[in-house]
Amino acid sequence: MLWVTVLSSLLALIGFGAAVCYGVPLAIRAAQVKRWNARGAGVLALTYDDGPDPTTTRAVLDLLDREQAPATFYLVGFRADQDPEVCDEIVSRGHELGTHTHRHKNAWRIGPLAEYKDAHRAYDSLSRWVDADAPYRPPFGKASLPTWLSMRLRGRPVDWWTIPAEDTKDRFPDPAEFAQRVVDSGGPVVLMHCHHQEPHRRAFVLSLTSALIEAARSRGIRLVTMSDLRASCR
Ligand SMILES: [Zn+2]
């Protein structure tokens, strides 16, 4: 029957559109991780998502100060509205900033239009601290093709990571063993979070940061910001 044919064609078209919309960024992400893993030997970027937070972000900043280590922070707009002075501190202490949307929603759940608006809104809410071409990191690593393209057309790098630190999971790895795995693997971008409210998560991120710095330096691996890393992985 005609209506069955039309309906099945429509569903196939929607399925194809969704596959392109969300599948292409996944392929781009895989290619980025592959390139960074292949070319990132000798450098390590410490990255922190989901801040700012007055306690955890400040504790991370104090540790990085003591170690004289650079890092990159991907900030969430609504948290910056709540604690703008922490953003001032990140900048004044010489670290690099990127955006991580305003509301921190999962792109696969809210749809491409809401994701697009939320991703770009962060450049307004964070404009005191980030440049118009600052990098963008999608929450949960998920992006749609329109949002990815819109960022790239504005000259904004879209950054993923090569190794997640598992600091949002229920069980943490041993910091020293994890750091050793990182430097052994050659994966140059570690994802951590600096918004934790629970003391045990905060303690893990701080221990892991220390362990990563120590492991990198003992191997002669240079700690870099993400812009340095992108430059060295071209
Ligand atoms: Zn996040």
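Residues numbered from 1 in each chain as written. Predicted model: local features only at pLDDT ≥ 70, side-chain atom pairs only at ≥ 80, totals over all residues.

All right, on to the overall build of the protein then. Helix and strand counts for the protein come out as ten helices and six strands. In terms of overall dimensions, the protein is globule-like: its C-alpha atoms have a radius of gyration of 19 Å, near the 17 Å expected for 234 residues. Along the three orthogonal principal directions, the C-alpha set of the protein runs to about 70 × 40 × 35 Å. Split into buried and exposed, the 234 residues of the protein put 41% on the buried side. (Helix = DSSP H or I, 4+ residues; strand = E, 2+ residues; numbered from the N terminus. Rg over C-alpha atoms; globule rule 2.2 N^0.38 Å. Buried ≥ 20, exposed ≤ 12 C-beta atoms within 10 Å, placed from the backbone.)

Attention now goes to helix α9 (residues 199-218). Three- or four-residue spacings in an α-helix give side chains the same orientation, since the helix completes a turn every 3.6 residues. Compared with the 28 Å implied by 1.5 Å per residue over 20 residues, the 28 Å span of α9 between its first and last C-alpha is a close match. If you check which residues of α9 are buried, you get Arg-202, Phe-204, Val-205, Leu-208, Thr-209, Leu-212, Ile-213, Ala-215 and Ala-216. Contacts from the buried residues of α9 go to β1 (43-49), α2 (56-67), α8 (175-185), β5 (189-193) and β6 (222-224). Phi for Gly-220, located one or two positions after α9, is positive at around 75°. (Expected span 1.5 Å × (residues − 1). Contact = placed C-beta atoms within 7 Å.)

Right, let's talk about unusual backbone geometry for a bit. The peptide bond linking Gly-51 to Pro-52 adopts the cis configuration, its omega dihedral lying at 5°. The phi torsion at Gln-68 lies on the positive side, around 55°, for a residue other than glycine. The residue Gln-68 is located in the loop between α2 and β2 (72-75) in this model.

So, about the nonpolar core. With 54 residues, the main nonpolar core has Val-190 and Leu-212 as its most contacted residues. Here the element with the most residues in this core is α9; it accounts for seven residues. (Core = buried A, V, L, I, M, F, W, Y, C linked by C-beta atoms within 7 Å.)

Let us now look at the environment of Val-224. Relative to the helices and strands, Val-224 is located in strand β6. Along the primary structure Val-224 and Pro-70 are separated by 154 residues, whereas in three dimensions their C-alpha atoms are 6.0 Å apart. For Val-224, the residues in contact, after removing those within four places along its chain, are Val-43, Leu-44, Ala-45, Pro-70 and Leu-229.

This brings us to the packing of helix α6 (residues 112-125) against helix α7 (residues 145-153). Closest axis-to-axis distance for the α6/α7 pair is 8 Å, and the angle between their directions is 30°. When the axis of α6 is compared with that of α7, the two are roughly parallel. As for the relative orientation of α6 and α7, their crossing is right-handed in sense. Here Pro-112, Glu-115, Tyr-116 and Ala-119 of α6 lie close against α7, whose contacting residues are Pro-146, Thr-147 and Ser-150. (Axes fitted to C-alpha atoms, helices over the stretch in contact; angles between N-to-C directions. Parallel < 35°, antiparallel > 145°, perpendicular 65-115°, else oblique. Left-handed = near helix turned anticlockwise from the far one by under 90°.)

With that settled, consider the environment of Thr-47. Along the polypeptide, Thr-47 turns up in strand β1. Judged by the 25 C-beta atoms lying within 10 Å of it, Thr-47 is buried. In the structure, Thr-47 is positioned 145 residues away from Met-192 in sequence and 6.0 Å away in space, judged by C-alpha atoms. Excluding residues within four positions of it along the chain, Thr-47 makes contact with Ala-71, Thr-72, Tyr-74, Trp-161, Val-189, Val-190, Leu-191, Met-192 and Met-226.

Here we come to the pairing of β1. Along β1, seven of the seven residues are buried, which leaves the element largely enclosed by surrounding structure. Side-chain alternation along β1 places Val-43, Ala-45, Thr-47 and Asp-49 on one buried face and Leu-44, Leu-46 and Tyr-48 on a second face that is also buried. For β1 and β6, the ladder comprises three bridges, and the chain directions are parallel. Residue Leu-44 lies in a different strand from β6, and its bridge partner there is Leu-223. Where β1 meets β5, five bridges bridge the pair, whose relative direction is parallel. Residue Ala-45 lies in a different strand from β5, and its bridge partner there is Val-189. Pairing of β1 with β2, which is carried by three bridges, proceeds in the parallel orientation. Within β2, the position partnered with Asp-49 by the bridge is Tyr-74. This β-α-β element, β1 to α2 to β2, shows right-handed connectivity. (Pairing = 2+ DSSP bridges. Right-handed = clockwise from strand over helix to strand, strands pointing away.)

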